[in-house]
Amino acid sequence: MKQNDPNQDPRKQRRPFLVSYGLVILIMLLLNVFLFPAVLESQIQTVDYGTFINMLEGQKLSTVQLEEEQIYFIDKDEKMYQTNVIPQDYAIVQRLEDAGVSFGRIYKKQGVLEYLLTNWILPFLPLILLATWFSRRISRMSGGGGGMNAMMFGKSGARQYVMDDKTGIKFSDVAGQDEAKESLKEIVGFLHDPKKYEEIGAKMPKGALLVGPPGTGKTLLARAVAGEAEVPFFSIAGSEFVEMFVGMGASKVRDLFKQASEKAPCIVFIDEIDTIGKKRDSGSGMGGNDEREQTLNQLLTEMDGFDATKGVVILAATNRPESLDPALLRPGRFDRRVPVELPDLKGREAILRLHGRKVKLDSDCDFNVVARMTPGASGAELANIVNEAALGAVRNGRSRVTQPDLQEAVDTILAGAQKKNAILSEKEKCIVAYHEVGHALVAALQSHSAPVQKITIVPRTSGALGFTMQVEDGDHALMSKEELLNKIATFTGGRAAEELVFGSVTTGASNDIEQATKLARAMVTRYGMSDDFDMVALETVQNAYLGGDSSLACSETTAAAIDAKVVELVKAQHARASRLLAENRSKLDEISQYLYEKETITGQEFMEILERGNKG
Ligand code: ADP
Ligand code: MG
Ligand code: ZN
């Protein structure tokens with residue numbers, strides 16, 4: 001059994017101090033052993049009294065220092081000597097004077113203290129100061145101090161948590177996300193007036209976890225909570241805890257909470273908490289995860305330890321909630337979950353409008369149309385679209401953003417920028433036109449499918465040669481089996497048109513194949529839409545956001561049966577798409593020809609040709 005007790009060995013925290021002091025002491029020892037005795041010895045040579053007298057008589061002395069039991073003297077070559085005095089030789093002073101030797105202080109005999117001071121402490125004072133400064137620096141980097149100074153250590157000059165006194169961001173800066181805002185408003189109320197809650201005896205949740213896909217405004221919302229409550233905002237990314245020196249993460253957490261409780265009421269925001277909050281697996285004792293684990297343990301300790309009534313609220317954000325350690329989600333920790341989802345049609349329009357206010361817009365701009373073109377886009381992508389449109393307007397020498405700028409930006413952000421000089425052969429262009437119209441026509445001919453918004457055969461840098469943009473009439477929370485089948489048929493429509501018209505196939509359908517397969521598989525394994533398997537869950541989704549990791553939960557035989565079913569589903573829809581196109585061959589030709597000439601056509605133009613044919 002693995003101990004999950006989040007107690008932290010405090011000695012570990014002192015490691016950097018010990019390291020730097022230890023280093024200095026080591027250097028001192030080495031210097032003393034090897035260097036200083038050598039210096040001293042070479043400086044003073046001990047000789048006997050006779051040598052001294054001889055040198056005196058030989059006029060070799062320059063300065064002499066007489067002590068009670070010793071004589072220090074320097075010869076004309078500046079060499080230093082010492083010798084014992086013969087006590088009876090009273091005439092020595094006279095003799096020295098006669099020889100013209102000067103008296104002076106050459107050497108001072110030292111007491112033990114003096115010796116220590118001059119030989120050990122003074123030479124190393126600079127070193128000690130340096131070491132102290134060094135370890136202070138390290139400890140400050142680990143989370144103390146003012147918070148604003150950028151540190152020069154680590155690969156990125158690692159920043160500590162940022163402390164904003166007032167973020168200045170309000171809920172009105174976050175468009176849509178009404179439900180998330182609603183549940184965060186209570187926290188704002190609490191931060192505004194913690195006493196009110198205390199009097200009643202209500203306990204606020206210590207932490208709230210913002211959960212949602214990337215770019216949906218989680219960070220923005222957290223800042224808005226601080227802005228609304230007008231309290232300080234400490235923010236740090238989970239990754240910053242782990243990037244640092246070993247052993248730093250935990251002390252950083254401790255420091256963060258210490259600072260926060262001093263500034264209460266305030267908000268501590270841990271972005272991307274999954275980097276430290278990952279599940280601790282009992283199997284790994286290899287030390288690689290030790291650092292992260294320690295940091296996480298410290299975080300848990302701090303969350304349990306501090307008094308919630310003080311007014312410190314911990315917010316955290318993640319887009320991988322399922323990978324979080326369950327300990328983080330226990331009552332008294334991040335027990336409140338705030339889902340922050342991708343915006344719906346209304347939300348997308350609101351986000352576009354909000355960011356649109358920052359740029360000069362032409363009167364023809366219609367954000368509703370743009371919002372309809374961008375199902376599944378995140379807030380960050382929509383903000384990017386508006387900015388890209390503004391850049392495009394500047395590039396084209398306009399002073400206002402126009403609707404075509406926005407359309408272009410949508411293409412750029414969602415499908416890669418237009419390749420200015422990618423040249424398609426005439427034949428290729430023709431195939432791509434038929435392929436794209438094939439998709440669109442199949443979609444339009446099926447009553448349940450959304451109408452086509454735009455078709456283009458202008459190549460994108462993303463590699464897509466053509467591009468059919470479907471507009472959904474609002475976002476569906478629920479899709480019927482028929483709608484899903486129609487979608488699969490639409491995916492196969494491109495290839496079906498190629499087959500019908502050219503009698504051969506190209507590589508252009510690889511993405512379609514992938515999408516159709518994914519959908520068909522999901523129908524069988526997740527949505528229970530096949531007769532054979534009924535409502536049996538065959539797949540467990542591990543990561544609902546980031547769209548993807550799922551694993552089959554069934555036997556091998558069943559897996560084979562699933563594969564067969566998927567093939568059957570796609571085949572049936574492919575056949576249906578081919579039939580639909582064959583029945584409408586003249587319209588396929590007409591629209592494809594039109595697209596071939598114009599390269600880009602709108603949904604309106606498309607429908608006009610389609611209906612013209614119908615009536616005539
Ligand atoms: P996350 O933290 O969820 O990945 P961010 O909060 O960092 O997303 O969002 C990135 C940017 O996207 C924001 O700075 C903002 O410009 C824009 N954005 C995202 N969602 C919204 C929204 N709901 N309203 C307004 N802007 C948004
Ligand atoms: Mg973020
Ligand atoms: Zn296609």
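So, here is what we can say about the structure in this document. (Residues numbered from 1 in each chain as written. Chains lettered and ligands numbered in written order. Predicted model: local features only at pLDDT ≥ 70, side-chain atom pairs only at ≥ 80, totals over all residues. Heavy atoms only, no water.)

## What about the overall build of the protein chain?
Helix and strand counts for the protein chain come out as 22 helices and 16 strands. A burial count over the protein chain gives 45% of its 616 residues as buried. Pairs at least 24 residues apart make up 73% of the contacts formed inside the protein chain by residues separated by at least 6 positions. Here the protein chain displays about 32100 Å² of accessible surface, and carbon together with sulfur accounts for 54% of that area. (Helix = DSSP H or I, 4+ residues; strand = E, 2+ residues; numbered from the N terminus. Buried < 20%, exposed > 50% of the residue type's maximum accessible area, 1.4 Å probe, protein only. Contact = heavy atoms within 4.5 Å. Areas by Shrake-Rupley, 256 points an atom, 1.4 Å probe, with all protein chains shown as cover.)

## Re the site of ligand 1
Inspection of the region around ligand 1 gives 16 residues, with Ala175, Gly215, Lys218, Thr219 and His355 positioned closest. Within the contact set of ligand 1, an oxygen atom lies 2.7 Å away from a side-chain nitrogen or oxygen of Lys218. Contact distances for ligand 1 include 2.6 Å between an oxygen atom and a side-chain N or O atom of Thr219. Protein contacts shield 78% of the accessible area of ligand 1, which totals 560 Å² for the unbound molecule. Mapped by element, the contributors of at least two residues to the shell around ligand 1 are helix H8 (218-229), helix H13 (345-356) and helix H15 (379-395). Taken together, the residues that form the shell around ligand 1 break down as seven nonpolar, seven polar and two charged. Both domains that furnish three or more residues to the shell around ligand 1 are identified here as domain 3 (159-339) and domain 4 (345-415). (Near = heavy atom within 4 Å. Polar contact = N/O pair within 3.5 Å; in protein donor to acceptor, adjacent residues only side chain to side chain. Nonpolar A, V, L, I, M, F, W, Y, C, P; charged D, E, K, R; others polar. Domains from an automatic or database assignment.)

## Concerning the coordination of the zinc ion (ligand 3)
Protein coordination at the zinc ion (ligand 3) comes from His435 (NE2), His439 (NE2), Asp512 (OD) and Asp512 (OD), with a distance range of 2.0 to 2.8 Å. Its four donor atoms give the zinc ion (ligand 3) angles of 52 to 146° at the centre, a pattern that matches the irregular case. Taking the relative accessible area as the measure of exposure, His439 reaches 7% and is therefore buried. (Donors = N, O, S within 2.8 Å, 3.2 Å for Na, K, Ca; no water. Tetrahedral: all angles 85-135°; square planar, octahedral: opposite > 155°, others 65-115°.)

## Comments concerning the sheet that holds strand E2 (residues 61-66)
An order of E1-E4-E3-E2-E5 is seen for the five strands of this open sheet, with the pairing classed as mixed. The open sheet terminates on both sides in strands that have one partner only, identified here as strand E1 (44-46) and strand E5 (102-103). As defined by bridge partners, E2 adjoins E5 across two bridges and the pair is classed as parallel. Bridged to Val64 within E5 is Phe103. Sheet contacts for helix H3 (residues 49-57): E2, strand E3 (70-75) and strand E4 (80-84); angle to E3, the most-contacted strand, approximately 40°. (Pairing = 2+ DSSP bridges. Axes fitted to C-alpha atoms, helices over the stretch in contact; angles between N-to-C directions.)

## Quick word on unusual backbone geometry
Trans peptide bonds make up most of the peptide bonds, and negative phi angles are found at most residues other than glycine. Unusually for a residue other than glycine, Glu78 sits at a positive phi of about 70°. Checked against the element boundaries, Glu78 lands in the loop between E3 and E4. Located in the positive-phi region is Glu272, a residue other than glycine, with phi close to 50°. For Glu272, the location among the structural elements is in the loop between strand E9 (266-271) and helix H11 (274-277). The class of Glu272 is partly exposed, set by a relative accessible area of 38%.

## Focus on a negative patch on the surface
A cluster of acidic residues, Asp178, Glu179, Glu182, Glu341 and Asp344, forms a negative patch on the protein surface. By the element assignment, Asp178 lies in helix H6 (residues 178-192). (Patch = residues over 30% accessible without salt bridge, like charges linked within 9 Å, V, L, I, M, F, W, Y side chains within 5 Å. Salt bridge = Lys/Arg side-chain N within 4 Å of Asp/Glu carboxyl O. Lys, Arg positive; Asp, Glu negative; His and termini not counted. Charge placed at Lys NZ, Arg CZ, Asp CG, Glu CD.)

## Side note on the environment of Thr83
Locating Thr83 in the fold gives a position in strand E4. Looking at Thr83, the relative accessible area reads 2%, which means it is buried. Considering only alpha carbons, one finds Thr83 and Gln70, 13 residues apart in sequence, at a separation of 5.8 Å. Setting aside residues no more than four positions away along its own chain, Thr83 makes contact with Val47, Asp48, Tyr49, Phe52, Glu69, Gln70, Ile71 and Phe73. Within the local environment of Thr83, its side chain forms a polar contact with the backbone oxygen of Val47, the two atoms lying 2.8 Å apart.

## Let's talk about the environment of Ser62
The residue Ser62 is located in strand E2 in this model. Spatially, the C-alpha atom of Ser62 lies 8.7 Å from that of Asp77, the residues being 15 residues apart in sequence. For Ser62, the residues in contact, after removing those within four places along its chain, are Ile74, Asp75, Lys76, Val101 and Ser102.

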